[in-house]
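Structural description and commentary
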Amino acid sequence: MKRCGLFFLGLIVLAVVLAAGEDGAADVKKAGYALLDKYVAAFQEIASSGSGAGLENRLRAMADDAKKAKDAGEIDRVFFTRYSRLLALSALVVAADQGNLLAPVVELELADFLKDVTGEDVVALRGAEAVGQVARALAEEVINLQLYLDTLERREALKKALSEGKPGPWKK
Amino acid sequence: MKRTADVRDLEVMDRLIRDEIEEALGPFRAGDSEKRLRGRIAQGPEPVRSKRFLERAAVPALLAAAAGAVVLMVVTRPSVPRPVDLADIVEVLGRFSTLARPAAEPSAATDLAAGRPEATAGLEKALAIAAWLKDEDERKAPLRESLGEVPSYSMEERMRILFKDKIIERALEIVKEKSKEA
């Protein structure tokens, strides 16, 4: 019985240590993952239902959520900026643009976004090729944001090592 | 003779043991032992000494704490978002994005044409198409420049420019004629 008690005591200590180790990064991850999940879920649901009604409203709601999370300190500035850009670009390309009023803005923003995310130049502005290129870039940015969250602790460790003048792993 | 001494020793030891036994049993034999026995039977079995509260609560408390810690870890652990599916994004953009629309004549032209006299509608449509084509070329030009390419026009593009210019020319002629008539 005593052994059993010691085992569970060890388990508790382990849980406490793990929980303490995650601290702030865990909060940022949790909020960031939830926001990314909302974005992916929106596309999944709209693709499966075939109805685009409310897509812009959903993107707007996600932007509001991101703003609230940023104000509450649940996500960091880097994630907020990049996530907001992802939402803005998505809203821009699905906006009902009567008379192609937004076309110059869309093109400039697309050119910048593609260059930053995939390193590509704009291959087309209309048609299947344009859709494919933008979709790939949006998916790539979602993956980039998830990887950013996944590696938050590693980043902090590297920053700390750099600030302390310790050699990084690249100097082995 | 020796044998007699041994027997005597044994008798002494036997007497000592018996005395010890008698002495030990003495208190139980005093008074009415039967009555005491019946009283004890009537009282029932002696209750087992209960464990102290801490002894009893320690293991369940440890188990509960361990379970709580595990639940807390599961709850607070950030759940990874569902994987992004490129096909979903392509599907949504393909259906609802302006990128998927073919580069047709602008909707503004048809809107303008609606409910107008034929000549005016034709003129406005021609002007709208010309303006739209001009805008599209202007939009493409800075993009090409930003990409570091020297704008060079193919034969098809030159024909488009020529065609566009003719539209403007024709539109201006119509306006000129209409102003003369007025």
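In short, a report on the structure. (Residues numbered from 1 in each chain as written. Chains lettered and ligands numbered in written order. Predicted model: local features only at pLDDT ≥ 70, side-chain atom pairs only at ≥ 80, totals over all residues.)

Right, let's get into the overall build of chain A. The helix and strand inventory of chain A stands at 6 helices and 0 strands. When its helices and strands are written in sequence order, chain A yields α-α-α-α-α-α. Counting over 172 residues, chain A shows a buried share of 26%. Pairs at least 24 residues apart make up 57% of the contacts formed inside chain A by residues separated by at least 6 positions. (Helix = DSSP H or I, 4+ residues; strand = E, 2+ residues; numbered from the N terminus. Buried ≥ 20, exposed ≤ 12 C-beta atoms within 10 Å, placed from the backbone. Contact = placed C-beta atoms within 7 Å.)

Across soluble globular proteins, you tend to see nonpolar side chains buried next to one another. By size, the foremost hydrophobic cluster in this structure holds 43 residues, and its most contacted members are Leu35(A), Val134(A), Ala135(A), Leu138(A), Ile89(B) and Leu93(B). Of all the secondary structure elements, the ones that give two or more residues to this core are helix 1 (2-49), helix 2 (55-71), helix 3 (77-94), helix 4 (103-117) and helix 5 (128-150) of chain A together with helix 4 (86-96) of chain B. Apart from residues lying up to four places away in sequence, Val134(A) is in contact with Val93(A), Leu110(A), Leu93(B) and Leu99(B). (Core = buried A, V, L, I, M, F, W, Y, C linked by C-beta atoms within 7 Å.)

Here we come to the environment of Ala31(A). Residues and elements named next belong to chain A. The residue Ala-31 is located in helix 1 in this model. For Ala-31, a count of 24 C-beta atoms within 10 Å translates into the label buried. With 43 residues separating them in the primary sequence, Ala-31 and Glu-74 have C-alpha atoms 6.0 Å apart. When residues no more than four places from it in sequence are discounted, the contact partners of Ala-31 are Ala-69, Glu-74 and Ile-75.

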